[in-house]
Amino acid sequence: MIRHHLRGVGLAALACALGLSACATTEPDQGGTAPAKDRSLAAGLDPATRSDPYPSTYQPLPHENFAVVGATVLTGTDRRIDNGVVVVTDGKIAAVGDASTPVPAGYRVIQARGRYVTPGIIDVHSHLGVYPSPGVQGMSDGNEATSPNTAQVWAEHSLWPQDPGFNTARAGGVTTMHILPGSANLFGGRGVTIRNTPSITMQGMKFPQAPYTLKMACGENPSRVYGGRNQSPATGMGNMAGYRAAFIAAREYKAKWDKWQADHEGSPPTRNLQNETLAGVLDGSILIQNHCYRADEMALMMDMAKEFGYRITTFHHATEAYKLAPQLAQNGICAAMWTGWWGFKMEALDAIEENAALVDAAQGSCAVIHSDDAELTQRLNQEAAAALSAGRRAGLNISEEHAISWITSNAARAIGVADQTGSLEPGKRADVVIWSADPFSIYARADQVFIDGALTFDRTDPAYQPTSDFELGQPGYGLTAANVTEGAR
């Protein structure tokens, strides 16, 4: 502070700053410059000071260098390699190729002939940790259903790392998860992307450098929740008015902060966590994840994004995405979908099993299979297989090496981490699953799961099957399954 204020001033000012003598003037010395104003704000009042005040402390588990040889490799980049080799060095993919790919001396070799290797599965829509098991009221932390706009809340502040669902998801090959708030509100709050590894704290699971996201919800959910309380929004038009009013407020808020940070004139704006999140959407640093079932409502949301100058990253659930697949592709928007869930409310009525395949058919598309469920996340490979089968029955020529992208590389794109994971490419994180059979077979199971090159699940070794305290003593615990007597299965 002293050095900042004393730049270019004389000894008298130095004595004044140190409290050694009285100061009768604030005039600069002959030829000096006036002291600069200190416009820094108290801790926590300037949103530009720390964009991530709850930073990741994630550290990969201990790992070794290894190579998987002999397997059929689906890379997540539309590539299939029979009798392939995947080399992992220091937790990163070092090489992927055919049987001639060299394996460095001293590397552990995993023989996988007859089996399959894929990137780790990514679930882009999960509520694990915020709606954990045991499913009791005291742990129901996923919906801040107190206002139509709760953009100020962050899912990570509700995330409970001890949820046993993380272990069972890992046993299904899931290495990365995107945890979202619920869909009661127009703006439900920020989502967080995690590495699916055991941790005591949320920060210990938080995916380093993954962008923040914002959960928005179209349709019946917000209008039902708030209309039932005789307040707005009670209709689809109320939903739209609420979104637009919020983005107008965020635009004004962002303009005020941009001006103050440029010239530091006058008093700074008062920090507003709700508008701060929406301002992040407007500047592109926070990615929109939009719960939206109907095609007509997705079209409205795309128009609203153009009105306010932001972009939508992913529509979630999107049961009618097949109706506007070309528009989604043209706007660079992913659609995260189920295969067989439909009819549980009116806006989910017009779903078809071919949805993902038809969305995928458009040039430049981004089709994703998601779970939104603690059980379905354990078998996303089967959900993708059902979507693949439906697409083929409809006459679409879709290969397995392409369809695996629906739960790997496309999923990584949908949450902004495709530069780090989602495919078996040199330099990316070594998130690898070795499957007992073709992952599109109902009989396939994850034999081994690696996260950043560290073995985090092994179907035949109880030492690599983390068990939550909340599984102990539950029905079925300790019973034999796949020759494994306990742990996550």
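Conventions we followed
- Residues numbered from 1 in each chain as written.
- Predicted model: local features only at pLDDT ≥ 70, side-chain atom pairs only at ≥ 80, totals over all residues.
- Heavy atoms only, no water.
- Pairing = 2+ DSSP bridges.
- Helix = DSSP H or I, 4+ residues; strand = E, 2+ residues; numbered from the N terminus.
- Disulfide = S-S within 2.5 Å.
- Buried < 20%, exposed > 50% of the residue type's maximum accessible area, 1.4 Å probe, protein only.
- Core = buried A, V, L, I, M, F, W, Y, C linked by side-chain atoms within 4.5 Å.
- Contact = heavy atoms within 4.5 Å.
- Right-handed = clockwise from strand over helix to strand, strands pointing away.
- Axes fitted to C-alpha atoms, helices over the stretch in contact; angles between N-to-C directions.
- Parallel < 35°, antiparallel > 145°, perpendicular 65-115°, else oblique.
- 1 Å grid on protein atoms, 1.4 Å probe; cavity = no way out; pocket = protein on both sides within 12 Å on 5 of 7 lines; lining within 4 Å.
- Points joined across faces, edges and corners; volume = space filled by probe spheres on them.
- Nonpolar A, V, L, I, M, F, W, Y, C, P; charged D, E, K, R; others polar.
- pLDDT = per-residue confidence, 0-100.

## Some thoughts on the pairing of strand β3 (residues 92–97)
Alright, step 1. Strand direction decides the pairing type here: strand β2 (residues 80–89) and β3, joined by five bridges, are antiparallel. In the strand pairing of β3, valine 88 is matched with isoleucine 93.
Alright, step 2. Connecting β2 to the next strand, β3, in antiparallel fashion are two residues, including aspartate 90 with a positive phi near 50°.

## Section: the state of the cysteines
Alright, step 1. Tallied over the full model, the rule gives two disulfides.
Alright, step 2. Sulfur-sulfur distance for the disulfide between cysteine 334 and cysteine 366 comes to 2.1 Å. Sign of the S-S torsion, about 80° for the bond between cysteine 334 and cysteine 366, identifies this disulfide as right-handed. Of this pair, cysteine 334 sits in strand β12 (residues 334–337) while cysteine 366 is found in the loop between α9 (355–361) and β13 (367–369), placing the two residues 32 residues apart along the sequence. Cysteine 366 matches cysteine 334 in its accessibility class, with the two residues each being buried.

## Brief notes about the nonpolar core
Alright, step 1. By size, the foremost hydrophobic cluster in this structure holds 78 residues, and its most contacted members are Phe187, Phe247, Met301, Tyr310 and Phe315.
Alright, step 2. Of the residues forming this core, the biggest block, seven residues, is contributed by helix α7 (residues 295–308).
Alright, step 3. Among residues more than four places away in sequence, those in contact with tyrosine 310 are Phe247, Val281, Leu282, Ile288, Met301, Met304 and Ala305.
Alright, step 4. Formed by 18 residues, the second largest nonpolar core is a distinct cluster that contains Ala71, Ile81, Ile434 and Phe450.

## Notes on the pairing of strand β10 (residues 286–292)
Alright, step 1. With respect to burial, β10 is a largely interior element, seven of its seven residues being buried.
Alright, step 2. Burial of the side chains of β10 extends over both faces: Ile286, Ile288, Asn290 and Cys292 are buried on one face and Leu287, Gln289 and His291 on the other.
Alright, step 3. Here β10 pairs with strand β11 (residues 312–317) via five bridges, running parallel. Looking at β11, one finds that glutamine 289 is bridged to threonine 314.
Alright, step 4. What joins β10 to β11 is α7, and the crossover it makes is right-handed.

## With respect to the sheet that holds strand β7 (residues 174–179)
Alright, step 1. Read from one edge to the other, the open sheet built from eight strands follows the order β6-β7-β8-β9-β10-β11-β12-β13, with strand pairing classed as mixed. Of all strands in the sheet, those bounded by a partner on one side alone are β6 (121–126) and β13. On average, each strand axis in the sheet is tilted by 25° relative to the strand beside it, whichever way the strands run.
Alright, step 2. Where strand β8 (residues 187–195) meets strand β9 (residues 212–217), four bridges bridge the pair, whose relative direction is antiparallel. The partner of glycine 191 across the bridge, within β9, is threonine 213.
Alright, step 3. Sitting on the sheet, α7 is in contact with β9, β10 and β11, with an inclination near 160° to β11.

## Re the packing of helix α5 (residues 236–263) against helix α6 (residues 273–282)
Alright, step 1. At a minimum axis distance of 8 Å, the contact between α5 and α6 shows a crossing angle of 85°. As summarised for this structure, α5 and α6 are arranged roughly perpendicular, according to the angle between their axes. The residues of α6 that touch α5, namely those facing Ala246, Phe247, Ala249, Ala250, Arg251, Tyr253 and Lys254, are Asn275, Glu276, Leu278, Ala279, Val281 and Leu282.

## Description of the layout of surface pockets
Alright, step 1. In this model, the largest pocket occupies a volume close to 660 Å³.
Alright, step 2. When residues of the lining of the largest pocket are assigned to their parent elements, the largest contribution, five residues, is made by α5.
Alright, step 3. Split by residue class, the lining of the largest pocket holds 14 nonpolar, eight polar and eight charged.

## A few points about unusual backbone geometry
Alright, step 1. The linkage connecting serine 133 with the following residue, proline 134, adopts the cis geometry, with an omega of 0°.
Alright, step 2. For the peptide bond that leads from serine 232 to proline 233, omega is 5°, which places it in the cis range.
Alright, step 3. Looking at the element boundaries, proline 233 is found in the loop between α4 (220–227) and α5.
Alright, step 4. One non-glycine residue with positive phi stands out, namely aspartate 90, at about 50°.
Alright, step 5. The residue aspartate 90 is located in the loop between β2 and β3 in this model.
Alright, step 6. Notably, asparagine 230 is not glycine yet its phi reads approximately 60°, a positive angle.

## What about the environment of arginine 392?
Alright, step 1. Here arginine 392 is to be found in helix α10 (residues 380–393).
Alright, step 2. Between the C-alpha atoms of arginine 392 and alanine 357, which are 35 residues apart in sequence, the distance is 8.3 Å.

## A look at the confidence of the model for the protein chain
It should be kept in mind that the predicted coordinates are not to be read in detail where pLDDT is low.
Alright, step 1. Model confidence for the protein chain is summarised by a mean pLDDT of 91, while 89% of its residues fall at 70 or above.
Alright, step 2. Here residues 1–29 is a poorly scored stretch, pLDDT under 50, and it has 23 contacts once near neighbours within four places are set aside; other chains count.
Alright, step 3. Predicted confidence for residues 481–489 stays below pLDDT 50, and this span has 30 contacts to residues more than four positions away or in other chains.

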